[in-house]
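# Architecture at a glance
Now for the letters of each chain:
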Protein chains: 4
Amino acid sequence: MGNILVLFHSKSGNTAKMAAEVAAGAARIPGMEVRLRSVAEATAEDVRWCHGIAVGSPVNMGLVAWEMKQFWDTKMPDDWSKLDGRIGCAFSSQGGWGGGAEITCQSIHTILVNFGFLVFGLPDYVAHQFNVHYGATLSGEPREPREIEACRRLGQRLAEWVAVYVDGRKEEHPLTSGRPRFPW
Amino acid sequence: MGNILVLFHSKSGNTAKMAAEVAAGAARIPGMEVRLRSVAEATAEDVRWCHGIAVGSPVNMGLVAWEMKQFWDTKMPDDWSKLDGRIGCAFSSQGGWGGGAEITCQSIHTILVNFGFLVFGLPDYVAHQFNVHYGATLSGEPREPREIEACRRLGQRLAEWVAVYVDGRKEEHPLTSGRPRFPW
Amino acid sequence: MGNILVLFHSKSGNTAKMAAEVAAGAARIPGMEVRLRSVAEATAEDVRWCHGIAVGSPVNMGLVAWEMKQFWDTKMPDDWSKLDGRIGCAFSSQGGWGGGAEITCQSIHTILVNFGFLVFGLPDYVAHQFNVHYGATLSGEPREPREIEACRRLGQRLAEWVAVYVDGRKEEHPLTSGRPRFPW
Amino acid sequence: MGNILVLFHSKSGNTAKMAAEVAAGAARIPGMEVRLRSVAEATAEDVRWCHGIAVGSPVNMGLVAWEMKQFWDTKMPDDWSKLDGRIGCAFSSQGGWGGGAEITCQSIHTILVNFGFLVFGLPDYVAHQFNVHYGATLSGEPREPREIEACRRLGQRLAEWVAVYVDGRKEEHPLTSGRPRFPW
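Predicted model, so just to flag it, every value in this text is computed and none were measured.

### Some points on the overall build of chain A
- A count of helices and strands for chain A gives five helices and eight strands.
- Listing each helix as α and each strand as β along chain A from the N terminus yields β-α-β-α-β-α-β-α-β-β-β-β-α.
- The C-alpha radius of gyration computed for chain A amounts to 15 Å, which stays within 12% of the reference 16 Å derived for 184 residues, consistent with globular compactness.
- The principal-axis extents of the C-alpha atoms in chain A amount to approximately 45 × 40 × 20 Å.
- In chain A, which comprises 184 residues, the share counted as buried stands at 71%.
- If you take every contact in chain A between residues at least 6 apart in sequence, the share linking residues at least 24 apart comes to 74%.
- Looking at chain A as shown, the accessible area adds up to about 5,500 Å², and 51% of this sits on carbon and sulfur atoms.
- Distance between charge centres in chain A, computed from 19 positive and 20 negative side chains, equals 1 Å.

Structure (structure tokens):
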């Protein structure tokens, strides 16, 4: 069994829609309990509860939004150095391609690494010229199938790593599970 | 007058095509001499010669290609700390959206900042949901008009900054030149 | 003449002390007007006023503090795409060596690049094994001479670039001014 | 049982000395087989063999050295997307504090994330104002006890995560093992 937290901030609603798809992807793996929480409603207890976390933010001036940063700076300091070894990943919605979503995912990775999380990306391609190497990155909201699948695949992989590493279910390993990682 | 160097590495030819468009964009500004050089043919003298540089690399494993890194590590060390104040920017071709081109541009910025260059990105949008905030980033080669314009705009901006800051031509400032920065 | 803004956030007081030294360094170059402002007191008008900016934040969970991010996310959006071509740099105080100050400076660079600023670091060494390559980075507060000089040198270089590029005073160029950049 | 690869490039010998200490730290955890390999001697088989990897490079112009990048770009492409789920971390020797070692560790993280590794840092402090948050970062070679311990702690943590996650030995978890993580 495993606990997955999808933690997000959203202003326009785009990142919130991504978060819902990430949560749906995590639920593809049996035995996962998934919590979907905005930074406004999330508490430190949610982070303590989880084995794996997906953190999402719109690109705001090239980085994670201040509201998401505020969450980690103000709600989480007492838990710093007590959360090591959880598994983490990132997602972000930008205004346009080249708009900073990769760099925003990287800034989320930095926060998670600081807290002792193990962070990952996906070698997977979810469609031709569409991948998830440093987290799920979209322009705007998830609409096309490849955009929806990018978010779901991220959540799925997070749940796979939790299943394999926390719950000891080696059959869920993405390289041997038989689930497709590439559309070709 | 100003000297612009477009320095690139390319394996598939995609980044080479971007480089040619970046060079074409630099030539939009009067009085610029533009050199287009691959890392195989470029020398330290080319970098010493330039007032502004655009550096391009394919995304290789999330970063600048080793061939481009080798250029700076092996051909340029004697010039380190003697090049400060030149102006620099980055471009990159990736295998697919979300594939690391922003992070590769960031890695190029790091090299340039290390050498004392002033680096920049562009607030410009060149089309709906298509921008150049951390350099020109494409998936594959430049084909669509917005992809070509992304590359050209980067070169144009580099030449504008060289014109304004090195050559003292304040009328070329992108905020007051009358040239469009947004398609709307 | 040139206008320099030193914009900082500080909780413990360490980054505030760095900011005061950065401001003192900027004042080494004749003809500079220097404003020292915390994010609590600064306004968008201060940023509009400046030709060069030094932005400082403590390392908080590996990145710029949420209070600094909030400044750019909430006070500055109306000025986005209207500030291009200003010159910017970064400084940061961390809890210990290896604690994230370089990465925090990089996150500040990302914000500034997003706004169209030209950002820089310094090839300078200010003492043996002590440099300022990606901004001024300290552990704790500036106490030793090399720590104070790291901050001042950053401010000085910012003012030098403003003098050279904005004010056309080529004699202030760090490579030809005769001022020492290395202690050996 | 677990397999640990310490992969490094070194020119001056400083990073090689760090690598030896990282390997010694990994050997603190029972049941680990540790390989210490320079990029000149390492092969793709070494990476395939390992469950956990520590990658070290000197800071060269702010990033991983071209020789280390060349290893991943030329020796490893056939293994891309076949290595997911291994555990990885980074170390780097720089010329001076503020010299780019954190950013170099980040560039190593990017390569490892691209290959599907789970990457981590350490909340640990190994001495007053001396930590390992984004990997082990030193100026010069490891000489002082705190510098040696920074390297060893990184290797130890890598071996701990391999023991916990790959080998199922939950008693090796750093938060509950009883081993000190802070000197106070």
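So that's the structure; there's more coming.
### Structural notes on the interface of chain A and chain C
- Taken together, the contact pairs 20 residues of chain A with 20 residues of chain C.
- In total, about 1,700 Å² of surface goes out of reach between chain A and chain C, with carbon and sulfur atoms giving 70% of it.
- The largest share of the area that chain A buries against chain C comes from M61(A), L63(A) and W66(A), three residues that together contribute 44% of it.
- Counting across the interface, chain A meets chain C through zero salt bridges.
- Across the contact surface, chain A and chain C share six residue pairs in polar contact (both at pLDDT 80 or more).
- Mapped onto the side of chain A that touches chain C, the elements with two or more residues apiece are α3 (66-75) and α4 (101-114) of chain A.
- The residue makeup of the side of chain A that touches chain C, split by class, is eleven nonpolar, seven polar and two charged.

### A few points about the relation of the copies chain A and chain C
- Structural alignment of chain A on chain C gives an RMSD of 0.0 Å, achieved by rotating through 180° and translating 0.0 Å along the axis. Look at the turn and shift together and you get a two-fold axis relating the two. It is W66(A) whose C-alpha, among those of chain A, lies nearest the rotation axis, at 2.6 Å.
- Mapped onto chain C, 100% of the interface residues of chain A are again interface residues, and the two copies thus contact each other with one and the same surface.

### As for the nonpolar core
- With 137 residues, the main nonpolar core has F91(A), F91(B), F91(C) and F91(D) as its most contacted residues.
- If one sorts the elements of this core by residue count, helix α5 (residues 145-166) of chain D sits on top with eleven residues.

### A look at the packing of helix α4 (residues 101-114) of chain C against helix α4 (residues 101-114) of chain D
- Interhelical geometry of α4(C) versus α4(D) gives an angle of 80° and a closest axis separation of 7 Å. Our classification of the angle between α4(C) and α4(D) gives roughly perpendicular. Taking contact as the criterion, the partners of A101(C), E102(C), I103(C) and Q106(C) in α4(C) are, on α4(D), A101(D), E102(D), I103(D) and Q106(D).
- Taken together, the residues of the contact of α4(C) with α4(D) break down into four nonpolar, two polar and two charged.

### Regarding the pairing of strand β2 (residues 32-38) of chain A
Residues and elements named next belong to chain A.
- Two elements, strand β1 (residues 2-8) and β2, share seven bridges in a ladder whose sense is parallel. If you follow G2 over to β2, its bridge partner there is M32.
- Regarding the hand of the β-α-β motif, the stretch spanning β1, helix α1 (residues 14-26) and β2 is right-handed.

### Some thoughts on the pattern of salt bridges
- If you walk through the whole model with that rule in mind, you get 80 salt bridges over all chains.
- The salt bridge partner of R169(A) is E172(A), with a shortest N-O separation of 3.6 Å. The residues R169(A) and E172(A) share a single accessibility class, namely buried.
- In this structure, D84(C) and R181(B) form a salt bridge, with 2.4 Å as the shortest nitrogen-oxygen distance. Of this pair, D84(C) sits in the loop between α3 (66-75) and β5 (87-94) while R181(B) is found in the segment after α5 (145-166), placing the two residues in two different chains.
- The structure contains a network of salt bridges with shared partners spanning R28(A), D124(A), E149(A), R153(A), R157(A), E160(A), D167(A), R169(A), E172(A), R179(A), R181(A) and D84(D).

### With respect to the relation of the copies chain D and chain A
- By a simple turn and slide, chain D fits onto chain A: the slide is 0.0 Å along the axis, the RMSD is 0.0 Å, and the turn is 180°.
- With an isologous cut-off of 70% or more, the 100% of interface residues of chain D that recur at the interface of chain A puts this contact in the isologous class.

### Some thoughts on the packing of helix α1 (residues 14-26) of chain C against helix α5 (residues 145-166) of chain C
Residues and elements named next belong to chain C.
- At a minimum axis distance of 6 Å, the contact between α1 and α5 shows a crossing angle of 45°. Considering the angle they form, α1 stands oblique to α5. Considering only the axes of α1 and α5, their crossing is right-handed. From α1, M18, E21, V22, A24, G25 and A26 reach across to α5, where they touch I148, C151, R152, L154, G155, Q156 and A159.

### Points about the side chain of N131(C)
- Inspection of the secondary structure assignment puts N131(C) in strand β8 (residues 130-131).
- When its relative accessible area of 1% is taken as the criterion, N131(C) is described as buried.
- Only 3.5 Å separates the side chain of N131(C) from the side chain of Y125(C), close enough to count as a polar contact.
- Within the structure, the side chain of N131(C) is placed 3.1 Å from the backbone nitrogen of G99(D), a separation counted as a polar contact.
- Excluding its chain neighbours within four sequence positions, the residues that come into contact with N131(C) are D124(C), Y125(C), G96(D), W97(D), G98(D) and G99(D).

### Considering helix α3 (residues 66-75) of chain B
- For α3(B), a buried count of seven out of ten residues is recorded, marking the element as mostly surrounded by other parts of the structure.
- Buried within α3(B) we find W66(B), E67(B), M68(B), K69(B), F71(B), W72(B) and D73(B).
- Buried-residue contacts for α3(B) involve β1 (2-8), α2 (44-49), β3 (52-60), β4 (63-64) and α4 (101-114) of chain B together with α3 (66-75) of chain D.

### As for the interface of chain D and chain A
- The partner chain A presents 32 residues to the 32 residues of chain D that form the contact.
- Ranking the residues of chain D by area buried against chain A places D84(D), L118(D) and Y165(D) at the top, with a combined share of 25%.
- Counting across the interface, chain D meets chain A through eleven residue pairs in polar contact (both at pLDDT 80 or more).
- Elements supplying a minimum of two residues to the side of chain D that touches chain A: α4, β5 (118-119) and α5 of chain D.
- Class assignment for the residues of the side of chain D that touches chain A results in 17 nonpolar, nine polar and six charged.

Conventions used here
Residues numbered from 1 in each chain as written. Chains lettered and ligands numbered in written order. Predicted model: local features only at pLDDT ≥ 70, side-chain atom pairs only at ≥ 80, totals over all residues. Heavy atoms only, no water. Helix = DSSP H or I, 4+ residues; strand = E, 2+ residues; numbered from the N terminus. Rg over C-alpha atoms; globule rule 2.2 N^0.38 Å. Buried < 20%, exposed > 50% of the residue type's maximum accessible area, 1.4 Å probe, protein only. Contact = heavy atoms within 4.5 Å. Areas by Shrake-Rupley, 256 points an atom, 1.4 Å probe, with all protein chains shown as cover. Lys, Arg positive; Asp, Glu negative; His and termini not counted. Charge placed at Lys NZ, Arg CZ, Asp CG, Glu CD. Buried area = accessible area lost by both parts, 1.4 Å probe. Salt bridge = Lys/Arg side-chain N within 4 Å of Asp/Glu carboxyl O. Polar contact = N/O pair within 3.5 Å; in protein donor to acceptor, adjacent residues only side chain to side chain. Nonpolar A, V, L, I, M, F, W, Y, C, P; charged D, E, K, R; others polar. Least-squares fit on C-alpha atoms with pLDDT ≥ 70 in both. Core = buried A, V, L, I, M, F, W, Y, C linked by side-chain atoms within 4.5 Å. Axes fitted to C-alpha atoms, helices over the stretch in contact; angles between N-to-C directions. Parallel < 35°, antiparallel > 145°, perpendicular 65-115°, else oblique. Pairing = 2+ DSSP bridges. Right-handed = clockwise from strand over helix to strand, strands pointing away. Left-handed = near helix turned anticlockwise from the far one by under 90°.

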